[in-house]
Amino acid sequence: MSIEKIVEQALQDGYLTPVMEAEVGRICDNASELSIEEYMALDRLMGALLTGEVVAVPRKQFINVMEELVLSEAIARAAEIEATSEKSLDVGDIAAYALNRLPPLYATTEEGASYQRLRAKAELQDLISLQISESIGRNLDQPNDNKTPVSVKSTGNEVMRQVSNLLSVYAPNFEQKSQF
């Protein structure tokens, strides 16, 4: 879709969706030079946004609590296996396999995420563990050439640092702040 068509659609609807915004950004990033028509369309869009004729729909942040729970368990189980054997596991593959077989648990607020965590631990923990076990079994059965280990015989501190780094990337709100 062209910038002109996106702007025309936004003016017609009165909304600039995140998808429309991303497409305009992609076009601008990939173009070595914009045409005068594209600049004029962007100018019209900017004016419409400033006057309120077009409203930018904010991107909603979603938290998939199931990702946090699966990733935490996959990391812990992979670290146990790697600490007691010469095997290396791909935590990303393990988590993806399990997540494809588990229900998503989305939340838009930290309160909703807390509710989903409690619900998952009460109702789905056995299913999560079963899917992680199956995923690890499949991962161990695969050839070893394309696996990225979570750790390579690391110390306890190194494993904790890696887990912390992974959680900060995949589950930035995993650790809740103390309310004392």
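This report concerns the structure included in the present document. Values in this document were obtained by computation on a predicted structure and should not be read as measured data.

Section: the overall build of the chain
Here's step 1: Across its full length, the chain holds eight helices and four strands.
Here's step 2: If you take every contact in the chain between residues at least 6 apart in sequence, the share linking residues at least 24 apart comes to 76%.

Side note on the pattern of salt bridges
Here's step 1: Tallied over the entire structure, the rule returns five salt bridges.
Here's step 2: A salt bridge links Glu110 to Arg117; the nearest nitrogen and oxygen atoms lie 3.4 Å apart.
Here's step 3: Take Arg117: its relative accessible area is 7%, and that puts it in the buried class.
Here's step 4: Two residues, Glu123 and Arg119, come together in a salt bridge whose shortest N-O distance is 3.5 Å. On the criterion of helical spacing, the pair formed by Glu123 and Arg119 is a turn pair, its members being four residues apart in helix 6 (residues 110-123).

A few points about the packing of helix 1 (residues 3-13) against helix 3 (residues 36-51)
Here's step 1: Their axes nearest at 9 Å, the elements helix 1 and helix 3 cross at an angle of 25 degrees. One finds that helix 1 runs roughly parallel with respect to helix 3. Here helix 1 runs over helix 3; the crossing is left-handed. The residues of helix 3 that touch helix 1, namely those facing Ile3, Glu4, Val7, Ala10 and Leu11, are Glu37, Glu38, Ala41, Leu42, Arg44, Leu45 and Ala48.
Here's step 2: When grouped by side-chain class, the residues that make up the contact of helix 1 with helix 3 number eight nonpolar, no polar and four charged.

Looking at the side chain of Asp90
Here's step 1: As for its placement among the helices and strands, Asp90 is situated in the loop between helix 4 (65-84) and helix 5 (91-99).
Here's step 2: Taking relative accessible area as the criterion, Asp90 reaches 11% and is therefore assigned buried.
Here's step 3: Side-chain polar atoms of Asp90 contact the backbone nitrogen of Asp93, separated by 3.1 Å.

Comments concerning the packing of helix 1 against helix 2 (residues 18-30)
Here's step 1: Two numbers describe how helix 1 lies on helix 2: the axes approach to 10 Å, and their chain directions differ by 160 degrees. Taken together, the axes of helix 1 and helix 2 are roughly antiparallel relative to one another. The two elements helix 1 and helix 2 meet at a crossing, and its hand is left-handed. Contact residues: helix 1 offers Ile3, Ile6, Gln9 and Ala10, while helix 2 offers Met20, Glu23, Val24, Ile27 and Cys28.

Thoughts on the packing of aromatic side chains
Here's step 1: By the definition in use, this model includes one aromatic pair.
Here's step 2: Look at Phe62 and Tyr106: their rings are 6.5 Å apart centre to centre, the planes differ by 80 degrees, and that puts the pair in the edge-to-face class. Here Phe62 is found in the loop between strand 2 (55-56) and strand 3 (63-64), whereas its partner Tyr106 is found in strand 4 (residues 106-107), with 44 residues between them in sequence.
Here's step 3: Judged by relative accessible area, which is 53%, Phe62 ranks as exposed.
Here's step 4: Lying over the aromatic face of Tyr97, Arg101 brings its terminal NZ or CZ to 3.5 Å of the ring centre.

As for helix 2
Here's step 1: Look at helix 2: 18 Å from first C-alpha to last across 13 residues, which is about the 18 Å you get at 1.5 Å a residue.
Here's step 2: Against helix 1, strand 1 (15-16) and helix 3 lie the buried residues of helix 2.

Cut-offs applied
- Residues numbered from 1 in each chain as written.
- Predicted model: local features only at pLDDT ≥ 70, side-chain atom pairs only at ≥ 80, totals over all residues.
- Heavy atoms only, no water.
- Helix = DSSP H or I, 4+ residues; strand = E, 2+ residues; numbered from the N terminus.
- Contact = heavy atoms within 4.5 Å.
- Salt bridge = Lys/Arg side-chain N within 4 Å of Asp/Glu carboxyl O.
- Buried < 20%, exposed > 50% of the residue type's maximum accessible area, 1.4 Å probe, protein only.
- Axes fitted to C-alpha atoms, helices over the stretch in contact; angles between N-to-C directions.
- Parallel < 35°, antiparallel > 145°, perpendicular 65-115°, else oblique.
- Left-handed = near helix turned anticlockwise from the far one by under 90°.
- Nonpolar A, V, L, I, M, F, W, Y, C, P; charged D, E, K, R; others polar.
- Polar contact = N/O pair within 3.5 Å; in protein donor to acceptor, adjacent residues only side chain to side chain.
- Phe/Tyr/Trp six-rings, centres within 6.5 Å; stacked < 30°, edge-to-face > 60°.
- Lys NZ or Arg CZ within 6 Å of the ring centre and 35° of its normal.
- Expected span 1.5 Å × (residues − 1).

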